[in-house]
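This is what each chain is made of:
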Amino acid sequence: MRITGKVEIYGVIGYPIKHSLSPLFQNAAFFWTGIEALYVPFEVSPENLKKALEGLRASGVKGLNVTIPHKEAVLSFADVISPEAKEIGAVNTLKFTRTSVEAYNTDWIGFLKAIQELEDPKGKTVLVLGAGGAAKAVIYSLKKVKAQVLVWNRTPEKIFPLEEKFGVEKIKRPEEALPVADIIVNTTSVGLKEEDPPLFDYSLLEEKHIVVDLIYKDTPLLKEAKKKSCRVQNGFPMLLYQGAESFRIWTGCNPPLEIMKLALKGEFPTGYSRIP
Ligand code: NAP
């Protein structure tokens, strides 16, 4: 791919950002589709968010992914907010047009497409662990397909607004929900470190449980679930599908999913382009 003065710039803003895997597969998607664009990480602290967004837009940046801790704060910079982002209360995709800033949430559809690879959650009972930003997107998708959603969170007060908004049921201890749960989704950051204390006694998992962890690796929860022969999924498929939907919003093109998947696995030779 030749980079000329016409190159369009996209990126991801977060704090920290160096761990982000999005540049890997978004750049592969641009290369493969022959779109002359680059996707770069921007490390922006909360106190610099306003200045950074104004500066990036003024510099002609076309679109951004938004990650921790800015997903809620960017709502106030948007001129147009998609119904999903409004309902979820968080944004992970911004599109800068000549006249406006458009805000979207693709986490919910990323989660839905990912879990549907394992099992259709329609009508299933799902235990969601956590009540943060990612949990809201997950709950939105699950409610959309009419799953029954039980939520546990370390800070139980944070579940109240979710009960009101999405009609979820609050659970005092994760163990309570295990006998009725078909699917268990960890949306907390517990498991990021191997030594994190478990969210519940993982030896209580049974083969019937489908276990999803939004963290981008096989966490202790997933490892225990595998030992019990449960079907499991880590955070990579959701990451891929949410990014693919952002790509679609920015470019209007179908995302090259297989290429993006290869790139995420580190198997796509960067610099290679289908269109010379
Ligand atoms: P967040 O808004 O900060 O929420 C964090 C959640 O984790 C809260 O429910 C919090 O509970 C809980 N938590 C943190 N430490 C805990 C502990 N020691 N014990 C029990 N609960 C604890 O963060 P987020 O945006 O929802 O992200 C959460 C995770 O999802 C991150 O690991 C992120 O990387 C991942 N994620 C993945 C994808 C993907 O595409 N795969 C997308 C988005 C997020 P309290 O309310 O009690 O603090």
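Participant: So what exactly am I meant to see when it comes to the site of the ligand here?
Facilitator: Taken together, 22 residues are adjacent to the ligand, and A134, N153, R154, T155 and K158 come closest. In the environment of the ligand, an oxygen atom lies 3.0 Å from a nitrogen or oxygen atom belonging to the backbone of A131. Between a nitrogen atom of the ligand and a main-chain N or O atom of G235, the distance comes to 3.0 Å. Relative to its unbound accessible surface of 930 Å², the ligand loses 78% to contact with the protein. In this structure, the ligand is accommodated by the largest pocket. Those elements that place two or more of their residues in the shell around the ligand are α5 (133-144) and α9 (236-251).

Participant: Hey, could you run me through the sheet that holds strand β6 (residues 101-104) in this one?
Facilitator: Reading across the sheet, the six strands line up as β2-β1-β3-β5-β6-β4 and stay open at both edges, with mixed pairing between neighbours. Across the chains shown, the open sheet's two edge strands, defined by having one partner strand only, are β2 (37-43) and β4 (80-81). Two elements, strand β1 (residues 8-14) and β2, share seven bridges in a ladder whose sense is parallel. Residue pairing for β2: I9 is matched across the bridge by L38. Set on the sheet, helix α1 (residues 22-33) makes contact with β1, β2 and β3 (63-66); between it and β2 the angle comes to about 165°.

Scoring rules and cut-offs
Each residue is numbered by its place in its chain's sequence as written, counting from 1. Local features are withheld for residues below a pLDDT of 70 in this predicted model, meaning they are given only at 70 or higher, and side-chain atom pairs are given and counted only at 80 or more; totals for whole chains, interfaces and linings count all residues. Only heavy atoms go into the side-chain values, all of them from the structure, while hydrogens and water stay out. Residues are counted as near a molecule or strand when any one of their heavy atoms sits within 4 Å of it. The term polar contact refers here to a pair of N or O atoms within 3.5 Å; inside protein, the definition further demands a hydrogen-donor-capable atom paired with an acceptor-capable atom, and it admits residues adjacent in sequence only when both atoms are side-chain atoms. Only the protein chains shown count as cover for residues, with accessible areas throughout obtained via the Shrake-Rupley method and a probe of 1.4 Å. Using a 1 Å grid laid over the protein atoms alone, points where a 1.4 Å probe fits but cannot get out form a cavity; open sets with protein on both sides within 12 Å along at least 5 of 7 lines form a pocket; any residue with an atom within 4 Å of a point counts as lining. By definition, a pocket or cavity contains a molecule when more than half of the molecule's atoms lie within 2 Å of the pocket's grid points. Strands here mean DSSP runs of E at least two residues long; helices mean DSSP runs of H or I at least four residues long; both are numbered from the N terminus. If DSSP finds at least two bridges between two strands, the strands pair. Note on contacts: a residue pair is in contact if any heavy atoms of the two residues lie within 4.5 Å. Helix axes use the C-alpha atoms of the stretch in contact, all axes being lines fitted to C-alpha atoms, and the angles between their N-to-C directions lie in the range 0 to 180 degrees.

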